[in-house]
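Results of the structural survey
Given next are the chains, with one letter for each unit.
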Amino acid sequence: MTPWRLVARSLFFYRKTGVVVAAALAAATAVITGSLIVGASVTGSLREIALSRLGRIDHALVAPHFFRAALARELGADARVGRVVAAILTQGAAANADTDATVPRVSVMGVDAAFSILFENARGERAFRLAENQAVVNESLARDLGVRAGGALILSLERGGGPRSDTLFAQRKRERVIRSVRLDVMAVVPDTGMGGFRLDANPATPRNL
């Protein structure tokens, strides 16, 4: 008996087992291939979201405390450094000035016109120049509060300069000094780009103001 004849007879004899093994291999291959495709798609989507949130930002220097406003100008004066934009990032509570709608954990960004320039022309966005007591909110926050461009909201913030709220030296919550300010909503921006700006890796859509 030749080797080829032996192989052929073995395949015929174990044909049922062979069919089951072939089907299992096909199913496993399909699952692995699908997982790789889905994984690549998710990775690409997360990368696109992250890049759209950062706009033209290449590096971010985050400090736990306030720093001199002139520091951004001094860094920008270095020929090896490009545009430097300073921003204050904190959290607060926002409420619709005309209703009882309130969002407790709002990402508040204290910025100037240079910040929005970082996102100009990205997905059709434009730079905003805000006057005193004006704000821009993203679509998610506007939807949660029920406000639109031309409306008004109340922003509440803890005053800075004291001990952190998670230390033993901090005042109890009811004793903390809160400052509230009324802001006019100048515009509502998409949840991408400036509207989706955040520096952490949380994929959830922030409520930006």
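Every value quoted in this text rests on a predicted model; they were computed, and no experiment measured them.

Quick look at the overall build of the protein chain
Counting secondary structure elements, the protein chain contains 5 helices and 5 strands. In sequence order, the secondary structure elements of the protein chain are arranged as α-α-α-β-β-α-β-α-β-β. Looking at the 209 residues of the protein chain, the share that counts as buried comes to 22%. Relative to all contacts within the protein chain whose residues are 6 or more apart in sequence, the contacts with residues 24 or more apart total 70%. Accessible area for the protein chain stands at about 15,000 Å²; split by element, carbon and sulfur atoms hold 58% of it.

Things to note about the pattern of salt bridges
Throughout the structure, instances matching the rule amount to 4 salt bridges. Note that R68 and E74 form a salt bridge whose closest N and O atoms lie 3.1 Å from each other. Using a relative accessible area of 48% as the deciding quantity, one classes R68 as partly exposed. Using a relative accessible area of 43% as the deciding quantity, one classes E74 as partly exposed. One salt bridge in this structure joins R80 and D78, with 3.0 Å as the shortest N-O distance. Here D78 falls in the partly exposed class, since its relative accessible area comes to 27%.

A word on the packing of aromatic side chains
Applying the stated rule across the entire model yields 1 aromatic pair. Between F115 and F197, the ring centres sit 5.2 Å apart and the planes meet at 85°, which makes this aromatic pair edge-to-face. Of this pair, F115 sits in helix α4 (residues 113-117) while F197 sits in the segment after β5 (178-189), placing them 82 residues apart in sequence. Relative accessible area serves as the criterion here: at 4%, F115 is assigned to the buried category. Judged by relative accessible area, which is 7%, F197 ranks as buried.

Some details on the confidence of the model for the protein chain
Confidence in the prediction for the protein chain averages 80 pLDDT; 87% of positions are at 70 or higher. Summarising per-element confidence for the protein chain, the mean pLDDT is lowest in helix α1 (residues 3-13) (76) and highest in helix α5 (residues 139-145) (92).

Re the sheet that holds strand β1 (residues 88-96)
Taken in spatial order, the 5 strands of this open sheet run β2-β1-β4-β5-β3, and their pairing is mixed. The sheet terminates laterally at β2 (102-110) and β3 (134-138), the two strands that pair on one side only. The mean angle between the axes of side-by-side strands here comes to 50°, regardless of whether they run parallel or antiparallel. Pairing analysis gives 5 bridges linking β3 to β5, with the strands arranged parallel. Across the sheet, A135 pairs through a bridge with V185, a residue of β5.

Conventions we followed
- Residues numbered from 1 in each chain as written.
- Predicted model: local features only at pLDDT ≥ 70, side-chain atom pairs only at ≥ 80, totals over all residues.
- Heavy atoms only, no water.
- Helix = DSSP H or I, 4+ residues; strand = E, 2+ residues; numbered from the N terminus.
- Buried < 20%, exposed > 50% of the residue type's maximum accessible area, 1.4 Å probe, protein only.
- Contact = heavy atoms within 4.5 Å.
- Areas by Shrake-Rupley, 256 points an atom, 1.4 Å probe, with all protein chains shown as cover.
- Salt bridge = Lys/Arg side-chain N within 4 Å of Asp/Glu carboxyl O.
- Phe/Tyr/Trp six-rings, centres within 6.5 Å; stacked < 30°, edge-to-face > 60°.
- pLDDT = per-residue confidence, 0-100.
- Pairing = 2+ DSSP bridges.
- Axes fitted to C-alpha atoms, helices over the stretch in contact; angles between N-to-C directions.

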